[in-house]
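# Understanding the architecture of this molecule
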Amino acid sequence: MHEISIMQNALELAEKHALSAGATSISSISLRVGAGSGVVPEALEFAFGVLKKQTLAASASLHIERVPTEFRCSHCGALSHLHEIRFDCPECNGLLIMGDGGNDLELSHLEVS
Amino acid sequence: MCDNCGCGDVDSFTIIPMLKSAGIDTAAGHSHPSHADGATAAHHDYPHQYTYNHLREPQREHVHAEDLSPEPRHEHVHDHDHPHTHSHDHSHRTVRVHTPILEENDRRARHNRRFLKARGIFAINIVSSPGSGKTSLIARTLEKAAGVLPAAVIVGDLETANDAIRLRDKGAPVVQITTGTVCHLDAAMVSRALKHLDLEDRRLLIIENVGNLVCPASYDLGEAMRVVLISVTEGEDKPLKYPPIFRGAGIVLITKIDMCAASGLDMQELRRNIRAVAPAAEIIEVSARTGEGMDEWIELLRAASCRPSNASPNSGPSFQKSGQNDSDHSSHSHAVS
């Protein structure tokens, strides 16, 4: 459950930016999470529900944009953009090779008031 | 608390500078000519802080333009006029952040990278499971590379200074970081440790991370290259089980190769799986015990250290791949003074 601490960090960052913008509450937090980041979005959502109380985001919703990682099959050459890491080609079951991208772990934007 | 896995308080680590043990050749060490009696003091066995001239304080807080978010936040305000048929909160607006969640660590890592670049030092971050042979590899590397790549070492463990003690007589300055309960090194710990290292005439900084294949993947330390170790007893599919850490590797070392036959490892399958996760990484089979592969490893380090070593990674920590920037062999040596 290392997502709990990542969410704690994200909430602190969100509060800092909200306060800098002169806001008193956060209604929405948007994150970008890459498939290659090693972080599980469902676990972030669980952590958010637990941790948002006592913060400016107490009544906020969480939006996670999942950023895919590109894979190329070492057998048939097919390109796949996958939101979860796997190494079996969807086309031929050959071994997939991970490409670039999908390492994102970013606080994207907030809705505040 | 650890930013990543909640494993402990990242501010409660301890830094232990290592001096060479008594009775060892002091040629590579230092002396204290300024004692009151004018005598040069013998080497002693307790930690103290080295003094040296800083080109730049590694941990000093200051803001560079490049540290600022590329997309500064801005506000949307309702300054237009239109008829209202209902009431709502006019102050509602979007704040664009576009900032890595681990931005504070990334910022400190950039500072470390600049500090090391200014001194012409090539830094590697060695990560692996516990027991893959990091310390043995480093000890052998210090012995064999002393002539071509004089090194300094930062060692990270949860507890004990045992690893630093194992390394301190190899002719290189060593600092131990004990992290307490924290399962990885971060950029702030490395920054603090750098203050305690005598980096004079050093060209290589070896950072031995805490043995862990998960959390260290998220923390850029300011290194030029990540080196991942996997020993022959760990199984062919480990790279597929822990892709984030292997993915950022410039070099993957398959260690304890002298035990390969006994382990029953399918080397071709392991290499295939490393390639699937880290297609651009160099793969070397080594044995710190027999010395097999060590020459190739050190030559690769030497060649990499001559390339521009501190380009900031575009995404994620330490994604500079071995084999990049082969054409420019000059800029790193220019930084050496």
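One structure accompanies this document, and this report is about it. Worth saying up front: this structure is predicted, and the values here are computed from it rather than measured.

## As for the packing of helix α1 (residues 3-20) of chain A against helix α2 (residues 41-51) of chain A
All names here are of chain A. Close contact between α1 and α2 brings their axes to 8 Å; oriented N to C, the two are set at 60 degrees. When the axis of α1 is compared with that of α2, the two are oblique. Note that α1 runs across α2; the crossing there is right-handed. Only Ala43, Leu44, Ala47, Phe48 and Leu51 of α2 make contact with α1, whose side of the interface consists of Glu3, Ile4, Ile6, Met7, Gln8 and Leu11. Residues that form the contact of α1 with α2 fall into these classes: nine nonpolar, one polar and one charged.

## Regarding the environment of leucine 229 of chain B
Residues and elements named next belong to chain B. When you line up the elements, leucine 229 lands in strand β7 (residues 225-231). In this structure leucine 229 comes out as buried when scored by relative accessible area, which is 1%. Residues leucine 229 and lysine 256, spaced 27 residues apart in sequence, show a C-alpha to C-alpha distance of 10.0 Å. Ignoring sequence-local partners within four residues, the contact set of leucine 229 consists of Ile126, Val127, Ser128, Ser132, Gly133, Lys134, Leu137, Leu253 and Thr255.

## Concerning the pairing of strand β3 (residues 122-127) of chain B
Residue and element names in this part refer to chain B. Where burial is concerned, most of β3 is hidden: six out of the six residues are buried. Where burial is concerned, the two faces of β3 agree: the one with Phe122, Ile124 and Ile126 and the one with Ala123, Asn125 and Val127 are both buried. Pairing of β3 with strand β6 (residues 204-208) involves five bridges; the strand directions are parallel. Across the sheet, residue isoleucine 126 finds its bridge partner in β6, namely glutamate 208. Alignment of β3 against β7, held across four bridges, turns out to be parallel. When the bridges of β7 are listed, asparagine 125 appears paired with arginine 226.

## A closer look at the sheet that holds strand β3 (residues 69-73) of chain A
Residues and elements named next belong to chain A. Strands sit in the order β4-β3-β5 across an open sheet of three strands; the sheet is antiparallel. If you trace the sheet from one side to the other, it starts and ends with β4 (79-82) and β5 (96-98), each paired once. Neighbour-to-neighbour, the strand axes of the sheet open up by a mean angle of 35 degrees, direction not taken into account. Pairing of β3 with β4 involves four bridges; the strand directions are antiparallel.

## Some thoughts on the interface of chain A and chain B
Each side of the interface is counted separately: chain A has 40 residues, and chain B has 37 residues. Carbon and sulfur atoms supply 55% of the area that chain A and chain B bury against each other, a total of about 3100 Å² over both sides. Summed over the three residues of chain A that lose the most area to chain B, namely His17, Met98 and Asn103 of chain A, the buried surface amounts to 16% of that side. A salt bridge links lysine 16 of chain A to glutamate 103 of chain B, with the nearest nitrogen and oxygen atoms 3.0 Å apart. Taken together, chain A and chain B are joined by 15 residue pairs in polar contact (both at pLDDT 80 or more). Contributing elements (two or more residues each) for the side of chain A that touches chain B: α1, β1 (26-34), β5 and β6 (105-112) of chain A. For the side of chain A that touches chain B, the leading source of residues is α1 of chain A, giving 10 residues. As paired strands, β6 of chain A and strand β2 (residues 93-100) of chain B are joined by six bridges and run antiparallel to one another. Bridge pairing in β2 of chain B links leucine 110 of chain A to valine 95 of chain B.

## Considerations on a nonpolar patch on the surface
Residues and elements named next belong to chain A. The grouping of Ile4, Phe46 and Val50 at the surface amounts to a nonpolar patch, some 270 Å² of accessible area in total. You can see phenylalanine 46 is positioned in helix α2. Phenylalanine 46 sits in the exposed class, given a relative accessible area of 51%.

## Concerning the environment of isoleucine 138 of chain B
Residue and element names in this part refer to chain B. Relative to the helices and strands, isoleucine 138 resides in helix α2 (residues 134-145). A relative accessible area of 0% means that isoleucine 138 is categorised as buried. Beyond its immediate stretch of four places on either side in the chain, isoleucine 138 contacts Ile126, Val153, Leu167, Ile206 and Glu208.

Cut-offs used in this document
Residues numbered from 1 in each chain as written. Chains lettered and ligands numbered in written order. Predicted model: local features only at pLDDT ≥ 70, side-chain atom pairs only at ≥ 80, totals over all residues. Heavy atoms only, no water. Axes fitted to C-alpha atoms, helices over the stretch in contact; angles between N-to-C directions. Helix = DSSP H or I, 4+ residues; strand = E, 2+ residues; numbered from the N terminus. Parallel < 35°, antiparallel > 145°, perpendicular 65-115°, else oblique. Left-handed = near helix turned anticlockwise from the far one by under 90°. Contact = heavy atoms within 4.5 Å. Nonpolar A, V, L, I, M, F, W, Y, C, P; charged D, E, K, R; others polar. Buried < 20%, exposed > 50% of the residue type's maximum accessible area, 1.4 Å probe, protein only. Pairing = 2+ DSSP bridges. Buried area = accessible area lost by both parts, 1.4 Å probe. Salt bridge = Lys/Arg side-chain N within 4 Å of Asp/Glu carboxyl O. Polar contact = N/O pair within 3.5 Å; in protein donor to acceptor, adjacent residues only side chain to side chain. Patch = residues over 30% accessible without salt bridge, like charges linked within 9 Å, V, L, I, M, F, W, Y side chains within 5 Å. Areas by Shrake-Rupley, 256 points an atom, 1.4 Å probe, with all protein chains shown as cover.

These figures come from the coordinates and say nothing about function on their own.
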